[in-house]
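Residue-level structure breakdown
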Amino acid sequence: MKNSSMGTSLLVLLVFATLTYCSDARLQSCQPSGKIRGIKPPPGQCNPENDSDCCKQGKMYTTYKCSPPVTGNTKAVLTLNSFQKGGDGGGPSECDNQYHSDDTPVVALSTGWYSGGDRCLNYITISADGKSVKAKVVDECDSTMGCDDEHDYQPPCPNNIVDASKAVWEALGIPEGDWGDFDITWSDA
């Protein structure tokens, strides 16, 4: 009887330790990876279209190499971006080296979700307030770098961003006055 009781206790302890480790690992799975110091953009070098932020001299910005785990209903913040030539998105999209019309539902994902380009040209489903839209992933919203010419002197992207064209916002029926930052969920289509 003593062996059975000890075996049960060990099993319970092992299960508890495993659950605790998995829980802790998940909590630690997306911690900040560092910080970068902002520099003042040269005159005319940061496009503030769509309320885009420009780096501030000396301000410290958090960087991430990861994003929260992707589920069938991943929480994120929808931001507004122009993928057109001359838009606040900067250069051509990373996935296809092209610009995209604001009338096309396209997105950039934070670095972890972009996954080194694994989601390039795939569609995701974005949902908000009972409406959904499919949008093509065409770019990365870089969470690891920023405040330089390549990133239009904008800060690193937070790790939970779906940066979307105007077409996505319109398809979700979000009033234009609310465009900028909006809580959404998304999933791979």
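The rules behind each value
Residues numbered from 1 in each chain as written. Predicted model: local features only at pLDDT ≥ 70, side-chain atom pairs only at ≥ 80, totals over all residues. Heavy atoms only, no water. Helix = DSSP H or I, 4+ residues; strand = E, 2+ residues; numbered from the N terminus. Buried < 20%, exposed > 50% of the residue type's maximum accessible area, 1.4 Å probe, protein only. Contact = heavy atoms within 4.5 Å. Areas by Shrake-Rupley, 256 points an atom, 1.4 Å probe, with all protein chains shown as cover. Patch = residues over 30% accessible without salt bridge, like charges linked within 9 Å, V, L, I, M, F, W, Y side chains within 5 Å. Salt bridge = Lys/Arg side-chain N within 4 Å of Asp/Glu carboxyl O. Lys, Arg positive; Asp, Glu negative; His and termini not counted. Charge placed at Lys NZ, Arg CZ, Asp CG, Glu CD. pLDDT = per-residue confidence, 0-100. Disulfide = S-S within 2.5 Å. Core = buried A, V, L, I, M, F, W, Y, C linked by side-chain atoms within 4.5 Å. Pairing = 2+ DSSP bridges. Phe/Tyr/Trp six-rings, centres within 6.5 Å; stacked < 30°, edge-to-face > 60°.

- Looking at an unreviewed UniProt entry, one finds the protein chain named Ripening-related protein 1, with Nicotiana tabacum as its source organism.

**Some points on the overall build of the protein chain**
- Across its full length, the protein chain carries three helices and eight strands.
- Traced from its N-terminal end to its C-terminal end, the protein chain shows the element sequence α-β-β-β-β-α-β-β-β-α-β.
- For the protein chain, buried positions account for 41% of its 189 residues.
- Put simply, of all contacts in the protein chain between residues at least 6 apart along the chain, 73% involve residues at least 24 apart.
- Accessible surface for the protein chain amounts to roughly 10,700 Å². Of this, 52% is attributable to carbon and sulfur atoms.

**Observations regarding a negative patch on the surface**
- Taken together, the side chains of Asp-51, Asp-53, Asp-181 and Asp-183 make up a negatively charged region of the molecular surface.
- By the secondary structure assignment, Asp-181 is in strand S8 (residues 181–188).

**Description of the confidence of the model for the protein chain**
- Of all residues in the protein chain, 85% attain a pLDDT of 70 or more, and the chain-wide mean is 86.
- Every residue in residues 4–28 scores below 50 in pLDDT, and together they form one contact with partners more than four places removed in sequence or on other chains.

**Looking at the state of the cysteines**
- For the structure on display, the rule yields five disulfides.
- The partner cysteine of Cys-46 in its disulfide is Cys-54, sulfur to sulfur 2.1 Å. With the S-S dihedral at roughly -100 degrees, the linkage between Cys-46 and Cys-54 falls on the left-handed side.
- Note on Cys-46: relative accessible area 13%, which makes it buried.
- Two residues, Cys-55 and Cys-147, share a disulfide whose sulfurs are 2.0 Å apart. Negative torsions about the S-S bond denote left-handed disulfides, and the value of about -90 degrees found for Cys-55 with Cys-147 makes this one left-handed. Here Cys-55, found in the loop between strand S1 (34–37) and strand S2 (60–63), pairs with Cys-147, found in the loop between strand S6 (131–141) and strand S7 (161–164); they are 92 residues apart in sequence, far enough to count as distant.

**Observations concerning the nonpolar core**
- Of all hydrophobic cores here, the largest spans 25 residues; its most connected members are Leu-78, Val-107, Ile-126 and Val-162.
- Only strand S3 (74–80), strand S4 (106–110), helix H2 (111–114), strand S5 (123–128), S6, S7, helix H3 (166–171) and S8 provide two or more residues apiece to this core.
- Setting aside its immediate chain neighbours within four residues, Ile-126 contacts Val-107, Lys-131, Ser-132, Val-133, Ala-135, Val-162, Val-168, Leu-172, Ile-184, Thr-185 and Trp-186.

**Observations regarding the pairing of S5**
- Bridge count for S5 against S6 is six bridges, and the pairing is antiparallel. Counted as the bridge partner of Ile-124 is Ala-135 from S6.
- Linking S5 back to S6 in an antiparallel pair, the connection comprises two residues, with Asp-129 at a positive phi of about 50 degrees.
- Pairing geometry for S5 and S8, over four bridges, is antiparallel. When the sheet's bridge partners are listed, Ser-127 is paired in S8 with Thr-185.

**Looking at the side chain of Gln-154**
- By the element assignment, Gln-154 lies in the loop between S6 and S7.
- If sequence neighbours within four positions are ignored, Gln-154 has contacts with Cys-46, Asn-47, Ser-52, Asp-53, Cys-55, Asp-88, Gly-146 and Cys-147.

**A short note on the packing of aromatic side chains**
- Across all of its chains, the model carries three aromatic pairs by this definition.
- Aromatic pair Trp-113 and Trp-186: ring centres 5.2 Å apart, planes at 70 degrees, arrangement edge-to-face. Separated by 73 residues along the polypeptide, Trp-113 in helix H2 and Trp-186 in strand S8 bring together distant segments of the chain.
- By relative accessible area, Trp-186 is classed as buried at 1%.
- On the numbers, 6.3 Å between centres and 75 degrees between planes, the contact of Trp-169 with Phe-182 is edge-to-face. Of the two residues, Trp-169 is situated in helix H3 and Phe-182 in strand S8; the sequence distance between them amounts to 13 residues.

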